[in-house]
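Examination of the molecular architecture
Listed here are the chains, written in short residue letters.
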Amino acid sequence: MRVCFDSLAGGANPNEDWVGGSPDLAVVLDGLSTAGLSTGCRHGVPWFVAHLGGHLMAALAEPSVTLPDGLAAALERVAALHPECDLADPGTPSATVAVLRQRHAVLDYLVLADSPVVFEGTDGGHTVITDLRVDDVLPELRTEVESYETHTPGHREALQRLVLAQRQVRNTPDGYWVAGANPEAARHCLTGSAKLSDVRSAAVMSDGVSRLVTEYGMATWEDIFATLRTDGPRRLIETVRKTEATDPTGRRWPRYKSGDDATVAYCQW
Ligand SMILES: [Zn+2]
């Protein structure tokens, strides 16, 4: 497997996405926004995703370890790195997870929350693996955030209300699951396998990239893979940025930030 990737912060703040690749693995993590609220952790989201990504790559280097077991082990190891922090804080640093691993002629995938793995089939079709359970909770608070233009006090306050409410249901049976301090989250991933012979290429990405198709409707998956094949990940992320620049305050496409951190790992054989 040949993995080519890129990742860019959405604005002036540090990038809270993380990406890693090897001849067998592609991993993308998207750290959840804290909206400026406390987390109980003095290290921060970029620290969390960097350590989770590194430990996940290490755990999955052993082919007999399943993707959920590798994620559970990595979450345990990262939690053990900062026992002095309040890991029971509902705002503890957390991330979405998307993994693609090659085992000979089989491709195993895992997604937790809304960073998708997308397969481009040899038949020309596209299969999107994503976990949108977060979209089912707190719809009224999400609508409220989207009623404001970005960079307004109303938007900031509504986003904080949403994030505070999300924290109450995050990683509970009534809510949705993300990778935080509790390894239990690894039991709630979507997982599956594809036959390598059915796949032409694949892309593992954060929603900062996939939104070009799913939220903005400004590209098809066919367009996405054509850009990746011809020009590579950086050009695709630049296309997202150019699209967002036409709507800097989110009037056309209401959203949480003008530009979200954007990451894509493109896998070819
Ligand atoms: Zn910490």
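About the thresholds
Residues numbered from 1 in each chain as written. Predicted model: local features only at pLDDT ≥ 70, side-chain atom pairs only at ≥ 80, totals over all residues. Heavy atoms only, no water. Helix = DSSP H or I, 4+ residues; strand = E, 2+ residues; numbered from the N terminus. Rg over C-alpha atoms; globule rule 2.2 N^0.38 Å. Buried < 20%, exposed > 50% of the residue type's maximum accessible area, 1.4 Å probe, protein only. Contact = heavy atoms within 4.5 Å. Salt bridge = Lys/Arg side-chain N within 4 Å of Asp/Glu carboxyl O. Donors = N, O, S within 2.8 Å, 3.2 Å for Na, K, Ca; no water. Tetrahedral: all angles 85-135°; square planar, octahedral: opposite > 155°, others 65-115°. Pairing = 2+ DSSP bridges. Axes fitted to C-alpha atoms, helices over the stretch in contact; angles between N-to-C directions.

As recorded by an unreviewed UniProt entry, the protein carries the name PPM-type phosphatase domain-containing protein and is attributed to Streptomyces cyaneogriseus subsp. noncyanogenus.

**Remarks on the overall build of the protein**
A count of helical and extended segments in the protein gives seven helices and ten strands. Relative to the 2.2 N^0.38 estimate, which gives 18 Å for 269 residues, the radius of gyration of the protein is 18 Å and therefore close to what a compact globule would have. Counting only C-alpha atoms, the protein reaches 50 × 45 × 30 Å along its principal axes. Buried positions account for 54% of the 269 residues belonging to the protein. Taking all contacts inside the protein whose residues are at least 6 apart in sequence as the whole, residues at least 24 apart take part in 69%.

**Quick notes on the pattern of salt bridges**
Pairs may arise between side chains of opposite charge once their charged atoms sit close together. Taken as a whole and judged by the stated rule, the model has 17 salt bridges. Notably, a salt bridge pairs Arg235 with Glu238, separated by 3.9 Å at the nearest N-O pair. On the criterion of helical spacing, the pair formed by Arg235 and Glu238 is a turn pair, its members being three residues apart in helix H7 (residues 233-245). Under the relative-accessibility criterion, Arg235 is labelled partly exposed at 41%. Its salt-bridge partner being Asp260, residue Lys257 comes within 3.4 Å of it at the nearest N-O pair. Residue class for Asp260 comes out buried when judged on its relative accessible area of 9%. A single salt-bridge network, built from bridges that share partners, covers Asp207, Arg211, Lys257 and Asp260.

**Some points on the coordination of the zinc ion**
Each protein donor to the zinc ion is listed here as Cys41 (SG), His43 (ND1), His82 (ND1) and Cys85 (SG); together their distances run 2.0 to 2.4 Å. Because the angles between the four donor atoms bound to the zinc ion fall within 99 to 119 degrees, the donor set is best described as tetrahedral.

**Concerning the sheet that holds strand E9 (residues 199-205)**
One open sheet accounts for five strands, arranged E1-E10-E9-E6-E7; its pairing is antiparallel. The sheet is open, and its two borders are formed by strand E1 (2-8) and strand E7 (126-129), each paired with just one other strand. Averaged over neighbouring strand pairs, the angle between their axes works out to 15 degrees when direction is ignored. As judged from the seven bridges shared by E1 and strand E10 (residues 262-268), these two strands associate in the antiparallel manner. Paired with Asp6 across the strands is Val264, a residue of E10. Contacting strand E6 (117-121), E7, E9 and E10, helix H6 (residues 221-230) crosses the sheet at an angle of about 95 degrees to E9.

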